Amino acid sequence: MNLSFSPEDLKFQEEVRTFLEKNYPADVKRKMDNGIPLEREDHLKWQKVLSKKGWFAINWPEEHGGTGWSITQKHIFQNELAAFNTPNIVPFGVSMCGPVIYTFGTEEQKERFLPAIRDNDVWWCQGYSEPGSGSDLASLKTKAEKKGDKYIVNGTKTWTTMAQHADWIFCLVRTDSSGIKQEGISFLLIDMKSPGVEVKPIITIDGSHEVNMVYLDNVEVPAENLIGEEGAGWSIAKFLLAHERTGIGGIPHLKREIKRLREIADELPLNDGFLKDDDLFMDKLNKLEIDLLSAEFTELRTLAAMSAGGHPGPESSILKIGGTDLQQALSELFVEALGYYAHPFMSESDLASNEKRIGPDFAATVMPHYLNFRKVSIYGGSNEVQRNVIAKAVLGL
Amino acid sequence: MDFALSEEQKQVQELITQFIAKDYPFDVREKLVKSEDGFSKEYWKTFGEFGLLAMPFPEGDGGFNGGPVDLMVILEAFGTGLIVEPYIPNIVLAGNLLSKLGSDDQKKEILPKLFSGELQMSFAFTEPQSRFDLNDVTTSAKLEGDNYIIDGYKAVVMNGPASDKFIVSCRTSGSQLDEDGISLLIIDKDSKGLSSRDYSNVDGSKASEVTLENVSVPKSNLIGDEGKAFKTISQVIDLATLAISAEAVGIMQKMNELTLEYTKTREQFGQTLSKFQALQHRMVDTFMVHEQTKSLLLMAAAKMNDNAPDSSKAVSALKFQIGSAAKLIGEESIQLHGGMGVTEEMSIGHYFKRLTTIRTIFGNSDYHLKRYSSL
């Protein structure tokens, strides 16, 4: 056992830092550092910087443009991205659809779709949940009927993150209703520009527009957009959910945020001193940091097991629950740090304007973040479903 | 020992419940929150006609001799309907400061208008650094001739945008954290040198940042004795803490009801969510926590009613509990609603937002734990 970085790893870390210092676009950085909501173009601008360097699809096989980095290098890279406060990578193409295509797709499909994902020329979104199918995803009803060389798709998808920006959507659709529900599901790629696709915003309690309803009304989809066999959709979905689950804990981001909260505590006036003088608050901050260390090393154990070629151990199932618990606890501690100044509400357009913020500079996004982050224990398989997975698959209950 | 409400109290409860059912459904509340004023001035006057605004004041002040228990009844019922009209800033804070310390002239001029709903007021007592400490006052008032000259800054002043007049806590002597030397002044919102930045809070209420620069008010605007206001401020904030805790208990009751209802209708895996034992146990927990919190509310209200020597300690016990119960019930209700819980469309998220801001208002759990230990 050796948990320290080698000289080569440290050299790599330096290389990443130098690259980010030179290439992280200043306008995107300004928005991130000031809590200004990002536009579609901001995400793309940043992600294309990584694409150009060949550092975007880092987990992909090298033949498709992956990096071939070791687990340690990936860990270093993710931590540096977070430390520089870069935008979260929009995962739907690179971390979700891409792996499905290079694992289950035909050679034609790989050639057609992978380069555009790797180079950030196409924005993907995910069509999984439906109004009646949340935790019970396999009960989904969106129907795809084969007519000649086309599928005719009808149904409604919901909670579709950033669908308003997307060029394509990958969908779970029902191609067969006769047998058990998991067996009639297929994995279909749909061009968002197709006639019959309509996107409607869902506004969440933090006032933001992040998720959407996607209505599919007699949408014609070429049969060659099917990934894998008809009826293979559920096993593809499970493969994808496992992919989604690692990394969903957002550990590097949490490390940066905890550091930031510590800096805030040093500077935020409280009576004739600072917030750091409040022992009860600092106790909570320190306990959170210990929990974070535990989550971080649990994630590293999982990654190490995966890189050694073994199956990820039971610890991988803990990551989503542990990571999201931490994300929520930290977002709450930011609210506590602010006291009354957590309450003023600024809309997304207020945030984008140059008007002076109410209260401390960092205040405006704190409560929206806490409210928005109620979602993390709900999405990606709710934490209740995760517990069922651990009970069944790990404990054998 | 008797926990039952009086007939009059039950009538008040019933009156508000009927009002909410008939005139204050969720979509109406949403329209009011998004309107220019942020609440209904018409409904506010209706509350005046109901007698709710004069309820918790002595007859001598034109009130109905109501006490903390009556206040609890009103606010708990308000909580179930998420009433956004500014009862606490106007009635509990400004009204009580005047009732307890005001001169006959001040009372005569202001209280009738406050009770009829014509006049809007608020109490400006928080500063950026003061957090929950009522003794932390840097806004200064200096007597020059017959006028006080006021300079300073008040943060997140509840009901600031609608207010015609503020009662402002000012330091007339001593240093930043001294309990002695704090005075209360009535300042008209349109006074020269007073500027306010008005905004909405996440819970649908409104507030202001108030800057005071060389504001001059006549000496007769002083409420009570110069430098001696701290004790009364503290008592009135205790009463407001009880009131907002009652609102929270009403919200918790409603959130539990909404969640139970939702889980009985939402089906996944071929059965309603309410059939899953893992979820049943969690709803049992939130049910128990609401009941336990309500017990502390009744305890604190009774102690305040009796002017018990340990009533401040009881209020801190209550508000500590409100903080942890609001977290549990608020977060669990959203989680059990799944994705729907985080949408603007459903009322549950709006109850959650108000319950979340109440965790902070008049002191969070940490503050009241410390205060409880020190009393």
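Predicted model, so just to flag it, every value in this text is computed and none were measured.

Asks: Even after reading the chapter, I still don't get the pairing of strand β6 (residues 197–203) of chain A, so can you show me in this structure?
Replies: Walk down a regular strand and you will see the side chains alternate between the two sheet faces. All names here are of chain A. As defined by bridge partners, β6 adjoins strand β7 (residues 209–222) across seven bridges and the pair is classed as antiparallel. Counterpart to E198 in the pairing with β7 is Y215. Counted along the chain from β6 to the antiparallel partner β7, the turn is five residues long, and its residue G207 has a positive phi close to 85 degrees.

Asks: Help me understand the interface of chain A and chain B, please; the structure alone is not making it clear to me.
Replies: You'll often see interface size given as the accessible area lost when the parts meet. Listed per partner, the contact involves 31 residues of chain A and 37 residues of chain B. Looking at the side of chain A that touches chain B, the elements that each hand over two or more residues are β6, β9 (269–270), α9 (279–307) and α12 (366–372) of chain A.

Asks: Explain the domain arrangement of chain B to me, please; I cannot follow it from the model alone.
Replies: One can read the domain layout of chain B as domain 1 (7–119), domain 2 (122–227) and domain 3 (231–374). Classifying every residue of the side of domain 2 of chain B that touches domain 3 of chain B gives five nonpolar, four polar and one charged.

Asks: So what exactly am I meant to see when it comes to the packing of helix α9 (residues 311–337) of chain B against helix α11 (residues 365–374) of chain B here?
Replies: Two numbers describe a pair of packed helices, the interaxial angle and the distance between the axes. All names here are of chain B. Where α9 meets α11, the closest approach of the two axes is 8 Å, and the angle between their N-to-C directions is 150 degrees. Classified by the interaxial angle, the pair formed by α9 and α11 is roughly antiparallel. By crossing handedness, the relation of α9 to α11 is classed as left-handed. From α9, K313, S316, A317, K319, F320, G323 and S324 reach across to α11, where they touch S365, H368, L369, R371 and Y372. For the contact of α9 with α11, the class distribution of residues is four nonpolar, five polar and three charged.

Asks: So what exactly am I meant to see when it comes to the domain arrangement of chain A here?
Replies: Residues and elements named next belong to chain A. Once the domains are mapped, chain A shows domain 1 (7–89), domain 2 (123–231) and domain 3 (246–394). Summarising the inter-unit geometry, the C-alpha centres of domain 1 and domain 3 are found 21 Å apart. Domain 1 puts eleven residues into the contact, and the matching count from domain 3 is 13 residues. Tallied by class, the residues present in the side of domain 1 that touches domain 3 amount to six nonpolar, five polar and no charged.

Reading guide: rules and limits
Residues numbered from 1 in each chain as written. Chains lettered and ligands numbered in written order. Predicted model: local features only at pLDDT ≥ 70, side-chain atom pairs only at ≥ 80, totals over all residues. Pairing = 2+ DSSP bridges. Helix = DSSP H or I, 4+ residues; strand = E, 2+ residues; numbered from the N terminus. Contact = placed C-beta atoms within 7 Å. Domains from an automatic or database assignment. Nonpolar A, V, L, I, M, F, W, Y, C, P; charged D, E, K, R; others polar. Axes fitted to C-alpha atoms, helices over the stretch in contact; angles between N-to-C directions. Parallel < 35°, antiparallel > 145°, perpendicular 65-115°, else oblique. Left-handed = near helix turned anticlockwise from the far one by under 90°.

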